[in-house]
Amino acid sequence: MTAAAIADRPMAGTDMGAEKLAASRNETGNAPMASVGTSVATQEAAQVDSTPVETSSGRGGEWLRAIGRAVFPPVLGLALLIGLWHVATINGGGIPSPGKTWDAAVILFSDPFYQEGPNDQGIGWNVLASLERVAIGFGIAAAVGIPAGFMIGRFAVLSQMLNPIISLLRPVSPLAWLPIGLLVFQRADPAATWTIFICSIWPMILNTAQGVTRVPQDYLNVARVLNLSEWKIFTKILFPAVLPYMLTGIRLSIGTAWLVIVAAEMLTGGVGIGFWVWDEWNNLKVEHIIIAIFVIGIVGLILEQMLMLIARRFTYEDR
Amino acid sequence: MAKKVVQIENVGQSFDTKKGKYVALRDVSLDIHEGESIALIGHSGCGKSTLLNLIAGLTLPSSGVMLCEGREIAGPGPERAVVFQNHSLLPWLTCFDNVYLAVERVFSAKEGKAKLKQRTHEALDLVGLTHAEAKYPHEISGGMKQRVGIARALSMQPRILLLDEPFGALDALTRANLQDELMKILAATRATMVMVTHDVDEAVLLSDRVVMLTNGPAATIGEILTVNIERPRDRLALAHDAHFGECRAEIMEFLYHKQLKRAA
Ligand SMILES: Nc1ncnc2c1ncn2[C@@H]1O[C@H](COP(=O)(O)OP(=O)(O)O)[C@@H](O)[C@H]1O
Ligand SMILES: [Mg+2]
């Protein structure tokens, strides 16, 4: 589309609008607004549909080069790490070499879901068991922490009441809560979930509450001028405005939850990646421990990236 | 004389601040008549927004009486629509949904969904934004955002349109365009308008009366200038109009002579 063609359209609109306007002025009298069609557009109208057209030539090459630039440095870093690891283990010693670890991994991942009694299960089951605990503890923490955060953010009294308590409890390692969980629940499994709950809840409460206090006054003024109902204020203003903060809380929580579950499971035993690491240490299969470290890292990375993706979807550009 | 839509009688506004009580406005009295366009002008920080917020009902006066159509202003109401300085569109809603939110609130009790949607389309058409209905605020220009803000206010079919420096953040050309559009819309809808501005030309061009505020603290109305220029007004013709020049000169005299001295 040429510039002239774009510029033509709004001009025509202006003329028409003026005519309609003149006509309506005679007949509407004291009539309320908005029933009149004055279509007056300007050069801004052109801005919308005049997105620059990309030249198609050389786009494929550009694209490949961009991928190369993005992929090359991380691959180089990883190769260096494995190289160093190889050099460090070349003379034997306690730490298995990359090759040996790789062979063990191939065997391990050829059947990740085998099941031979409660204490001998495939690595897949162990990871899933940990993820399940994290999901439950984390889910309950979200169900409690997010509404609590909204309340604390909304009501200053609650915030004054609870902030000292939260400040006191937040720096405590969640593992310190494990005995309390064992005492209350009498079983290892819910106790581990309980530690996840404890470590997940603080970031969720604090970030949600902060989000609520940071809702721009402008939006609240809009709500007041439009006289929106409480429900509309919550669904159309408060919730979307707080959502990015909430997701930050959730992201921080899942990070710590995944850190803590490994430690908690080492203490509680049963099935789970943390327990599995401990078990393999007792069996002196160090290559399995190294594999577990990679698995834990990769799962944590995936969790984090998933939440980043969701967060990006709900982050709105302002102004 | 036309009916009084808003009556402001001896209104004062003070705020509690950390340094004690701050008196922003004192003894403000003003009657706003049906169909009238009023510009509020004054130096930055003198209390223009404070006065507009009082009319909007966003804040309540510390003293004095504010009436809208004979009834005390106790809060915001759909007959008084506000266009904010920074457009204040909700970034997670499309232009259409931003306007629909207002339409729904005002008319959903009496009208069906189809009619509400039609009203929204009409309001956006009024400001020439039909093509951008499905866009999000961050996808459109500053001028377009301000238009959506105006459409949102108009869609409520208010008796009074309150605008707080609506074009302050825009470039001169876009600003001139929107001023012309606003004049057309006001002529077509015959709404009453109160606009805060710090632009002398804008004040004279758009209004029937220019209300000049003295400097704060304790600002009040210093002078009121009546602009006797026929409508529709044409900015090009007015550039050589003697009365237009006089009006400008009078406001400048107030702002840069009488009021600046006190500020310095
Ligand atoms: N909520 C408030 N609390 C304390 N002071 C305020 C408040 N709102 C406005 N003020 C003060 O009142 C004065 C007038 O403000 P305002 O009406 O925003 O000025 P402007 O004429 O630039 O719109 C300023 O000195 C401002 O600091
Ligand atoms: Mg202001």
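Everything below is about the structure shown above.
Attention in this report is confined to the structure presented alongside it. (Residues numbered from 1 in each chain as written. Chains lettered and ligands numbered in written order. Predicted model: local features only at pLDDT ≥ 70, side-chain atom pairs only at ≥ 80, totals over all residues. Heavy atoms only, no water.)

## With respect to the overall build of chain A
Line of reasoning, step 1. Secondary structure summary: chain A contains 12 helices and 0 strands in total.
Line of reasoning, step 2. Shown N-terminal to C-terminal, the secondary structure of chain A runs as helices and strands in the order α-α-α-α-α-α-α-α-α-α-α-α.
Line of reasoning, step 3. Burial status across chain A gives 40% buried among its 319 residues.
Line of reasoning, step 4. Pairs at least 24 apart in sequence give 68% of the contacts found in chain A among residues at least 6 apart.
Line of reasoning, step 5. Roughly 18300 Å² of accessible area belongs to chain A as shown, and the carbon and sulfur atoms make up 67% of that amount. (Helix = DSSP H or I, 4+ residues; strand = E, 2+ residues; numbered from the N terminus. Buried < 20%, exposed > 50% of the residue type's maximum accessible area, 1.4 Å probe, protein only. Contact = heavy atoms within 4.5 Å. Areas by Shrake-Rupley, 256 points an atom, 1.4 Å probe, with all protein chains shown as cover.)

## Some points on the overall build of chain B
Line of reasoning, step 1. A tally of regular secondary structure across chain B gives 8 helices and 10 strands.
Line of reasoning, step 2. The C-alpha radius of gyration of chain B comes to 19 Å, within 12% of the 18 Å expected for a compact globule of 264 residues.
Line of reasoning, step 3. With respect to the principal axes defined by its C-alpha atoms, chain B has extents near 55 × 45 × 40 Å.
Line of reasoning, step 4. Per-residue burial for chain B yields a buried fraction of 57% across its 264 residues.
Line of reasoning, step 5. Sequence separation of 24 or more characterises 68% of the internal contacts of chain B that already satisfy a separation of 6 or more.
Line of reasoning, step 6. Accessible area of chain B: about 10800 Å², with a carbon and sulfur share of 51%.
Line of reasoning, step 7. Averaged over its 31 positive side-chain charges, chain B has a centre that lies 5 Å from the centre of its 32 negative ones. (Rg over C-alpha atoms; globule rule 2.2 N^0.38 Å. Lys, Arg positive; Asp, Glu negative; His and termini not counted. Charge placed at Lys NZ, Arg CZ, Asp CG, Glu CD.)

## Details of the sheet that holds strand β6 (residues 80–83) of chain B
Residues and elements named next belong to chain B.
Line of reasoning, step 1. Here we have 6 strands laid out as an open sheet, ordered β6-β7-β8-β3-β9-β10, and mixed in their pairing. Two strands lie at the open edges of the sheet, namely β6 and β10 (221–226), each paired on one side alone. The average angle at which neighbouring strand axes cross in this sheet is 15°, direction not considered.
Line of reasoning, step 2. In terms of strand pairing, strand β9 (residues 209–213) meets β10 through 5 bridges, oriented antiparallel. In the strand pairing of β10, Val210 is matched with Leu225.
Line of reasoning, step 3. The strands that helix α1 (residues 48–56) touches are β3 (37–41), β6, β7 (160–164), β8 (192–197) and β9; relative to β7, the one it contacts most, it runs at about 150°. (Pairing = 2+ DSSP bridges. Axes fitted to C-alpha atoms, helices over the stretch in contact; angles between N-to-C directions.)

## A few points about the pattern of salt bridges
Line of reasoning, step 1. Within this structure, the stated rule accounts for 21 salt bridges over all chains.
Line of reasoning, step 2. A salt bridge links Glu181 of chain B to Arg147 of chain B; the nearest nitrogen and oxygen atoms lie 3.0 Å apart. Of this pair, Glu181 of chain B sits in helix α5 (residues 172–189) while Arg147 of chain B sits in helix α4 (residues 142–155), placing them 34 residues apart in sequence. Arg147 of chain B matches Glu181 of chain B in its accessibility class, with the two residues each being buried.
Line of reasoning, step 3. Within this structure, Arg133, Asp189 and Glu265 of chain A form a network of salt bridges that share partners. (Salt bridge = Lys/Arg side-chain N within 4 Å of Asp/Glu carboxyl O.)

## Describing the packing of helix α7 (residues 178–185) of chain A against helix α8 (residues 188–213) of chain A
Residue and element names in this part refer to chain A.
Line of reasoning, step 1. Relative to each other, α7 and α8 sit at 140°, their axes nearing to 8 Å. One finds that α7 runs oblique with respect to α8. Crossing of α7 over α8 shows right-handed handedness. In this structure, α7 contributes Leu178, Ile180, Gly181, Leu182 and Phe185 to the contact, and α8 contributes Ala188, Pro190, Ala191, Ala192, Trp194 and Thr195.
Line of reasoning, step 2. Split into classes, the residues belonging to the contact of α7 with α8 amount to 9 nonpolar, 2 polar and no charged. (Parallel < 35°, antiparallel > 145°, perpendicular 65-115°, else oblique. Left-handed = near helix turned anticlockwise from the far one by under 90°. Nonpolar A, V, L, I, M, F, W, Y, C, P; charged D, E, K, R; others polar.)

## Remarks on the pairing of β9 of chain B
Residue and element names in this part refer to chain B.
Line of reasoning, step 1. Burial of β9 is extensive: 5 of the 5 residues sit out of reach of the surface.
Line of reasoning, step 2. Burial along β9 is two-sided: Arg209, Val211 and Leu213 and Val210 and Met212, pointing in opposite directions, are all buried.
Line of reasoning, step 3. In terms of strand pairing, β3 meets β9 through 4 bridges, oriented parallel. Residue Leu40 lies in a different strand from β9, and its bridge partner there is Val211.

## A word on the sheet that holds strand β5 (residues 71–72) of chain B
All names here are of chain B.
Line of reasoning, step 1. One open sheet holds the 4 strands; their spatial order is β2-β1-β4-β5, and the pairing between them is antiparallel. At either margin of the open sheet sits one strand with a lone partner, and together these are β2 (20–33) and β5.
Line of reasoning, step 2. Examined bridge by bridge, strand β1 (residues 4–17) and β2 share 10 bridges and lie antiparallel to one another. Within β2, the position partnered with Phe15 by the bridge is Tyr22.

## Considerations on the site of ligand 1
All names here are of chain B.
Line of reasoning, step 1. Taken together, the residues surrounding ligand 1 are Phe15, Thr17, Tyr22, Ala24, Ser44, Gly45, Cys46, Gly47, Lys48, Ser49 and Thr50.
Line of reasoning, step 2. In this structure, Lys48 approaches ligand 1 through a main-chain N or O atom, which is 2.8 Å from an oxygen atom.
Line of reasoning, step 3. In the environment of ligand 1, an oxygen atom lies 2.7 Å from a nitrogen or oxygen atom belonging to the side chain of Ser49.
Line of reasoning, step 4. When the free accessible area of ligand 1 is taken as 560 Å², the share hidden by the protein chains comes to 62%.
Line of reasoning, step 5. Only β1, β2 and α1 provide two or more residues apiece to the shell around ligand 1.
Line of reasoning, step 6. Sort the elements by how many residues they give to the shell around ligand 1 and α1 lands first, with 3 residues.
Line of reasoning, step 7. Here the residues of the shell around ligand 1 sort into 4 nonpolar, 6 polar and 1 charged. (Near = heavy atom within 4 Å. Polar contact = N/O pair within 3.5 Å; in protein donor to acceptor, adjacent residues only side chain to side chain.)

## Considerations on a nonpolar patch on the surface
Residue and element names in this part refer to chain A.
Line of reasoning, step 1. A cluster of nonpolar side chains, contributed by Leu78, Leu81, Ile82, Phe294, Ile298, Ile302 and Met306, occupies part of the molecular surface with about 660 Å² of accessible area.
Line of reasoning, step 2. Among the elements of the structure, α3 (59–88) and α12 (286–313) are those that each provide at least two residues to the nonpolar patch.
Line of reasoning, step 3. The element contributing the most residues to the nonpolar patch is α12, with 4 residues.
Line of reasoning, step 4. Topologically, Leu81 is positioned in helix α3. (Patch = residues over 30% accessible without salt bridge, like charges linked within 9 Å, V, L, I, M, F, W, Y side chains within 5 Å.)

## Notes on the pairing of β7 of chain B
All names here are of chain B.
Line of reasoning, step 1. Of all 5 residues that make up β7, 5 are buried, and the element is covered over most of its length.
Line of reasoning, step 2. In this sheet, β7 lies alongside β6 in parallel orientation, the contact comprising 4 bridges. Bridge assignment links Val82 to a residue of β7, and that residue is Leu162.
Line of reasoning, step 3. Bridging between β7 and β8 involves 5 bridges; their strand directions are parallel. Across the sheet, the residue bridging to Ile160 is Thr192, located in β8.
Line of reasoning, step 4. Handedness of the crossover joining β7 and β8 through α5 is recorded here as right-handed. (Right-handed = clockwise from strand over helix to strand, strands pointing away.)

## Overview of helix α6 (residues 156–169) of chain A
Line of reasoning, step 1. Along its 14 residues, α6 of chain A runs 20 Å from first to last C-alpha, staying within 8% of the 20 Å computed at 1.5 Å per residue.
Line of reasoning, step 2. If you look at α6 of chain A, its biggest bend is around 35°, right at Leu162 of chain A, and the proline Pro164 of chain A turns up within four residues after that. (Expected span 1.5 Å × (residues − 1). Bend = angle between axes of the 7 residues up to and from the residue.)

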